[in-house]
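Working through the structure, step by step
The primary structure of each chain is shown beneath.
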Amino acid sequence: MLFAWAPERSHLASPPRIVAVVEDDASVRRSVERLLTVNGFATEGYSSAEAFLSRANVSQIGCVVLDMHLGGKSGIELLHRLRAFGINLSVIFITAVEDKGLELEAVKAGCVAFLNKPFPAFILISAVNRALMVSLDD
């Protein structure tokens, strides 16, 4: 696995916020969490949209790395649910399925990035940095 240094983090004035990783594949979730942790981000992993909705403290979450195809509610359904509750978290979608229609829906819903698996580590790190900057502006 390629690890990337996150230079943009050094100038953030506020303490780092948690990056939630919502991914039903445990090995992918752990891999993403390790990559983010090595690059200075605090993470919390969730195996489903339902687990995120029931356990996450959204006031501590800076952004969400969200798999599109989860068991139960899909990633896009989770994003729509959050928006319906007035929760405007920055979201980075990840997916193993190439679907331009779904990508367009995600972009229209306001995701910060849409990444196809496997993706280079530095691309995810860059997207997380952008997502955290966007969430600071809110």
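Structural data are supplied above this passage.
Since we're looking at a predicted model, the values are computed, not measured.

**So, the packing of aromatic side chains**
Here the structure, examined in full by the defined rule, presents 2 aromatic pairs. Judged by centre distance (5.3 Å) and plane angle (85°), the rings of Y46 and F52 are edge-to-face. A relative accessible area of 1% places F52 in the buried class.

**Some details on the pairing of strand β1 (residues 18-22)**
When you tally the buried positions in β1, you get 5 out of 5 residues, the bulk of the element. Bridge count for β1 against strand β3 (residues 61-67) is 5 bridges, and the pairing is parallel. The partner of A20 across the bridge, within β3, is V64. Of the strand pairs in this sheet, β1 and strand β2 (residues 43-46) are connected by 4 bridges, and their pairing is parallel. Bridge pairing links V19 to T43 in β2. In this fold, β1 hands off to helix α1 (residues 26-38), which returns the chain to β2; that crossover is right-handed.

**Here's the deal with the pattern of salt bridges**
Taken as a whole, this structure holds 3 salt bridges when the rule is applied. Between E23 and K117 there is a salt bridge; the shortest N-O distance is 2.8 Å. Residue E23 is located in the loop between β1 and α1, and its partner K117 is located in the loop between β5 (113-116) and α5 (121-137); the two are separated by 94 residues in the primary sequence. By relative accessible area, which is 1% here, E23 ends up buried.

The rules behind each value
Residue numbers run consecutively from 1 along every chain, following the written order of its sequence. Per-residue local features of the predicted model are confined to residues with pLDDT of at least 70, and side-chain atom pairs are confined, for both listing and counting, to 80 or more; whole-chain, interface and lining totals are unaffected and use all residues. Hydrogens and water molecules were not included; the side-chain quantities draw on all heavy atoms of the structure. Centre distance within 6.5 Å is the pairing criterion for rings of Phe, Tyr and Trp, where only the six-membered ring of Trp is used; planes under 30 degrees apart are then read as stacked, over 60 as edge-to-face, and the remainder as tilted. Exposure categories follow from relative accessible area, calculated using a 1.4 Å probe and restricted to protein chains: below 20% of the type maximum is buried, above 50% is exposed, and the middle band is partly exposed. Segments assigned H or I by DSSP are reported as helices when at least four residues long, segments assigned E as strands when at least two residues long, and all are numbered from the N terminus. In this analysis, strands are considered paired if DSSP registers two or more bridges between them. When the strands point away from the viewer, a crossover counts as right-handed if the route from the first strand across the helix to the second turns clockwise. Salt bridges are identified by distance alone: a Lys or Arg side-chain nitrogen within 4 Å of an Asp or Glu carboxyl oxygen.

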